[in-house]
Amino acid sequence: MTKLEDHLEGIINIFHQYSVRVGHYDTLSKRELMQLITKELPNALKNTKDQPSIDKVFQELDADKDGQVTFEEFIVLVSRVLKTAHEAIHQE
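One structure accompanies this document, and this report is about it.

What counts, and where the lines are drawn
Numbers given to residues run from 1 along each chain, matching the order in which its sequence is written. The model is predicted, so local features are restricted to residues of pLDDT at least 70 and side-chain atom pairs to those at 80 or more, both for listing and for counting; the totals for chains, interfaces and linings are taken over all residues. Just so you know, side-chain values use all the structure's heavy atoms and leave hydrogens and water out. What is meant by a nonpolar core is a set of buried Ala, Val, Leu, Ile, Met, Phe, Trp, Tyr and Cys residues, joined one to another through side-chain atoms within 4.5 Å. Summary of the burial criterion: residues with accessible area below 20% of their type's maximum are buried, those above 50% are exposed, and those between are partly exposed, where the area comes from a 1.4 Å probe applied to protein chains only. Starting at the N terminus, helices and strands are each numbered in turn, a helix being any DSSP run of H or I of at least four residues and a strand any DSSP run of E of at least two. By the convention used here, residues are in contact when the closest approach between their heavy atoms is within 4.5 Å. Relevant arc is that of directions from the helix axis to the C-beta atoms, nothing else. We call Phe, Tyr and Trp rings a pair once their centres come within 6.5 Å, taking the six-membered ring for Trp, and we label the pair stacked below 30 degrees between planes, edge-to-face above 60, and tilted otherwise. When a carboxyl oxygen of Asp or Glu lies within 4 Å of a side-chain nitrogen of Lys or Arg, that pair is called a salt bridge. To define axes, lines are fitted to C-alpha atoms, for helices over the stretch in contact only, and angles between the resulting N-to-C directions are given on a 0 to 180 degree scale. Roughly parallel means an angle under 35 degrees; roughly antiparallel, over 145; roughly perpendicular, 65 to 115; everything else is oblique. Asp, Glu, Lys and Arg are counted as charged, while Ala, Val, Leu, Ile, Met, Phe, Trp, Tyr, Cys and Pro are counted as nonpolar; the rest, among them Gly, fall into the polar class.

### Section: the nonpolar core
Side chains that are nonpolar tend, in soluble globular proteins, to be buried together.
Move 1: Counting residues in hydrophobic clusters, the biggest one holds 15 residues, and the most contacted among them are Leu-28, Leu-33, Leu-36, Val-69, Phe-74 and Leu-77.
Move 2: Those elements that provide at least two residues to this core are α1 (3–19), α2 (30–40), α3 (51–61) and α4 (71–91).
Move 3: In this view, Leu-36 contacts Ile-14, Phe-15, Tyr-18, Leu-28, Leu-41 and Phe-74; residues no more than four positions away in its chain are not counted.

Here it is in structure tokens:
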């Protein structure tokens with residue numbers, strides 16, 4: 001497996017590490033998303049322990065408004081974090 005493939009698998013594994021805790025095994029509840037963001041992205045996202053900020057992120061990601069974040073919806077967050085990190089690297 002290449003380094004990039006390994007990292008992609010890691011993103012999938014992290015998603016599933018949190019998604020299997022409550023409800024459907026392949027979606028994130030608001031609480032699961034908050035736990036994932038707090039533990040896995042504390043330096044990449046501001047206000048990770050601020051409930052209104054988490055609520056806003058959840059609402060933005062939950063495109064179909066079913067109260068769950070699917071992997072496809074979660075990838076939007078990953079993409080935003082990667083874009084921000086890429087921009088930050090070029091500012092250093």
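That covers the picture; the talk isn't over yet.
### Focus on α3
Move 1: Within the sequence span of α3, burial applies to Ile-54, Phe-58 and Leu-61. The buried side chains of α3 occupy one side of the element, clustering within an arc of 70° when seen end-on. Turned more than 90 degrees from where α3 packs its buried face, Pro-52 and Lys-56 sit exposed.
Move 2: Packed against the buried residues of α3 are β1 (27–28), α2, β2 (69–70) and α4.

### Overview of the packing of aromatic side chains
Move 1: Counted by the stated rule, this structure contains three aromatic pairs.
Move 2: Centroid distance Phe-15 to Phe-71: 5.1 Å. Interplanar angle 80°. Geometry classified as edge-to-face. Of this pair, Phe-15 sits in helix α1 while Phe-71 sits in helix α4, placing them 56 residues apart in sequence.
Move 3: Classification of Phe-71 as partly exposed rests on a relative accessible area of 21%.
Move 4: Seen from their ring centres, Phe-71 and Phe-74 are 6.2 Å apart, and the 45° between their planes marks the pair as tilted. Placement of both Phe-71 and Phe-74 in helix α4 is noted, with a separation of three residues, approximately one turn of the helix.
Move 5: Clustering of aromatic rings is evident, with ring pairs tying together Phe-15, Phe-71 and Phe-74.

### Considerations on the pattern of salt bridges
Pairing between side chains of opposite charge can happen when the charged atoms of each approach one another.
Move 1: Inspection of the entire model under this criterion finds three salt bridges.
Move 2: Put simply, Arg-80 and Glu-60 hold a salt bridge, and the shortest N to O gap is 3.4 Å. Of the two residues, Arg-80 sits in helix α4 while Glu-60 sits in helix α3, which places them 20 residues apart along the sequence.
Move 3: A salt bridge links Glu-87 to Lys-83, with the shortest nitrogen-to-oxygen separation between them at 3.3 Å. On the criterion of helical spacing, the pair formed by Glu-87 and Lys-83 is a turn pair, its members being four residues apart in helix α4.

### Let's talk about the packing of α3 against α4
Each pair of packed helices gets described by two things: the angle between the helix axes and the distance between those axes.
Move 1: For the pair α3 and α4, interaxial distance at closest approach is 9 Å and the crossing angle is 120°. Considered as vectors, α3 and α4 are oriented oblique to each other. For the pair α3 and α4, contact is made by Val-57, Glu-60 and Leu-61 and by Glu-73, Val-76, Leu-77 and Arg-80, respectively.
Move 2: Here the contact of α3 with α4 is composed, by residue class, of four nonpolar, no polar and three charged.

Function-wise, these values are silent; they only describe arrangement.
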